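As a plain string of letters, each chain reads:
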Amino acid sequence: MPDGVAEQEIVVPDIGDINEVDVIDILVHPGDSVEAEESLITLESDKATMDIPSPIPGTVKRINVSVGDHVKEGSPILTLEQRLSAEDQAPEPVAESTEPEPNLVTEEQPKVESGTPVTEPLSKQSGISPGRAIAFDKPGIKPHASPSVRRFARQLGADLSKIKGSGRKGRILQQDVQDFVKYSLKKADSSFIGNLAFDEGPEIDYSKFGEIDTYELSKIKKLSAAHLHRSWVSIPHVTQHDEADITDLESFRQSLKQESKTQNNRVTMLPFLMKATVAALKTFPTFNASLASSGEHLILKKYFHIGIAVDTEDGLIVPVIRNVDKKGIMELAEELNGVSERARNKKISPNDLQGGSFTISSLGGISGTAFTPIINAPEVAILGVSRAKKTPVYCQGDLAARLILPFSLSYDHRVIDGAEAARFCAYLKALLSDLRRVLL
Ligand code: CAO
């Protein structure tokens with residue numbers, strides 16, 4: 001041992017009438033400098049947890065206990081090295097000369113199980129004299145956390161009543177506090193969009209009301225949830241509903257069916273919708289755009305890459321079909337079939353999902369008369385298509401059965417005005433009613 005350095009054995013002080021307690025946490029490491037009264041270890045009896053503070057300052061040389069050890073009064077805890085000044089006397093054995101007091105669990109009083117707060121001092125409730133330095137709990141009173149964990153939580157501003165303890169008997173550990181703080185920061189981050197902060201609401205235990213089942217959301221659902229949420233909250237959406245007479249278009253599609261069958265290529269309404277949409281985007285370029293993040297510029301795209309929402313077992317994904325303006329109906333149908341199959345067989349590559357300039361979401365194969373599609377940010381508009389239906393329509397004074405396709409255009413009102421959206425829809429409707437106009 002170097003000159004001027006003394007070693008001090010720190011032992012478990014008087015812990016009252018308890019024979020043995022467990023070491024549940026070691027709060028220092030060899031080499032750490034500790035101050036007098038700084039907590040060294042945490043002990044736990046059947047009824048209470050307590051921190052054992054250091055009676056003197058020094059440097060931890062050796063730790064003589066491990067988590068899980070049973071100790072009692074006088075058991076060695078650790079060896080501290082103390083640098084002596086010239087005037088220092090030979091030190092007395094610490095355990096005999098001082099009577100260290102473990103920190104009482106008094107900073108936050110434990111609560112009675114019923115939820116009624118404890119109002120009497122703990123020492124009185126437990127029948128322990130105040131000098132005895134142990135926080136006991138009456139039966140029914142839950143110890144929550146050791147004083148050092150309470151201090152740690154207080155420093156970070158974490159509310160212990162909101163933390164679920166993972167330690168024995170639900171005791172809150174330092175790690176639980178850390179996890180809680182990390183989770184809260186993450187949650188705060190995700191619930192703060194632009195200038196808008198909102199409360200996610202309390203966690204509800206639904207099992208109180210009846211039987212439930214819980215399963216984890218797929219990765220796709222979790223990813224799309226965050227994306228959809230951001231789009232929905234950060235973009236001022238307006239949806240314009242309209243409908244198009246696609247009777248002639250449908251006859252044309254039927255006439256192509258035979259041809260497509262021989263090519264083993266299924267031609268649905270969607271490739272026609274893609275072509276008509278691109279023609280409308282060319283006429284209304286602000287719909288094929290993105291708002292710069294500064295909010296001061298609109299970026300108009302001269303390419304026409306159309307995202308198609310595909311419903312898969314694991315959730316919604318949006319593969320992109322590129323250069324729709326340069327492709328014919330058969331080629332688009334083939335690509336659409338291929339990409340939907342790949343999406344459903346989990347064979348989509350990240351590249352398939354990038355670079356879209358406008359999205360179409362078609363529920364026409366299923367059902368419905370209208371819906372509000374959520375804009376696929378950073379795009380500024382999305383077309384939702386519902387199911388076409390034979391409808392009686394007045395044509396030149398006569399009632400006729402026509403095939404009417406309902407569609408819904410959601411647009412970013414920061415970029416597109418309502419009148420512009422109505423014009424876009426009217427134009428699209430005209431194209432769908434007579435696709436020859438696409439050639440104009
Ligand atoms: N009106 C009437 N019938 C329609 C129709 C419409 N608008 N759209 C499709 N159909 C018909 C098709 O023509 C097909 O019938 P035939 O075999 O007789 O031709 C049938 O419905 C099934 O079509 P489909 O849905 O398999 O094919 P599609 O090309 O229309 O759509 C795809 C492909 C990938 C878009 C679609 O399968 C899909 O996944 N849709 C769901 C998208 C979705 O979930 N959107 C919601 C997002 S909003 O949160």
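The coordinates are above.
If you're wondering where the values come from, they're calculated on a predicted model, not measured in any experiment.

S.K.: If you had to explain the overall build of the chain to someone new, which residues and values would you point to?
M.R.: Within the chain, the regular secondary structure consists of 9 helices and 21 strands. Here the chain, with 440 residues, has 42% of them falling under the buried criterion. Of the contacts formed within the chain by residues at least 6 apart in sequence, a portion of 63% connects residues at least 24 apart. When the accessible surface of the chain is summed, it comes to about 25000 Å², and 52% of that surface belongs to carbon and sulfur atoms.

S.K.: Can you break down the site of the ligand residue by residue, with the values?
M.R.: Residues in contact with the ligand amount to 23 residues; listed here are only the nearest, Thr268, Asp311, Arg344, Ser386 and Ala388. Within the side chain of Arg253, a nitrogen or oxygen atom sits 3.1 Å from an oxygen atom of the ligand. Contact distances for the ligand include 2.8 Å between an oxygen atom and a side-chain N or O atom of Arg344. The protein chains hide 74% of the 960 Å² of surface that the ligand would expose on its own. For the shell around the ligand, the leading source of residues is helix H8 (residues 329-344), giving 3 residues.

S.K.: Describe the sheet that holds strand S3 (residues 33-34), naming the residues involved and giving the relevant values.
M.R.: Spatially, the 4 strands line up as an open sheet ordered S1-S8-S6-S3, and their pairing is antiparallel. Strands at the two margins of the open sheet, each flanked by one partner only, are strand S1 (5-11) and S3. By the bridge criterion, 2 bridges tie S3 to strand S6 (residues 58-63) in an arrangement that is antiparallel. Residue Ser33 lies in a different strand from S6, and its bridge partner there is Thr59.

S.K.: If you had to explain the nonpolar core to someone new, which residues and values would you point to?
M.R.: Membership of the largest hydrophobic core comes to 53 residues, with the highest contact counts inside it found for Ile308, Ile360, Leu409 and Leu432. Elements that contribute at least two residues to this core include exactly helix H6 (247-262), helix H7 (270-283), strand S14 (306-308), H8, strand S18 (358-362), strand S19 (381-385), strand S21 (398-412) and helix H9 (418-433). Looking at which element gives the most residues to this core, the answer is H7, with 9 residues. With sequence-adjacent residues up to four places away left out, Leu409 is seen in contact with Val238, Thr239, Gln240, Phe287, Phe358, Ala381, Ile382, Leu383, Ala421, Phe424 and Cys425. Counting 20 residues, the second largest nonpolar core, distinct from the first, contains Val12, Ile15, Met50 and Val65.

Analysis parameters
- Residues numbered from 1 in each chain as written.
- Predicted model: local features only at pLDDT ≥ 70, side-chain atom pairs only at ≥ 80, totals over all residues.
- Heavy atoms only, no water.
- Helix = DSSP H or I, 4+ residues; strand = E, 2+ residues; numbered from the N terminus.
- Buried < 20%, exposed > 50% of the residue type's maximum accessible area, 1.4 Å probe, protein only.
- Contact = heavy atoms within 4.5 Å.
- Areas by Shrake-Rupley, 256 points an atom, 1.4 Å probe, with all protein chains shown as cover.
- Near = heavy atom within 4 Å.
- Polar contact = N/O pair within 3.5 Å; in protein donor to acceptor, adjacent residues only side chain to side chain.
- Pairing = 2+ DSSP bridges.
- Core = buried A, V, L, I, M, F, W, Y, C linked by side-chain atoms within 4.5 Å.

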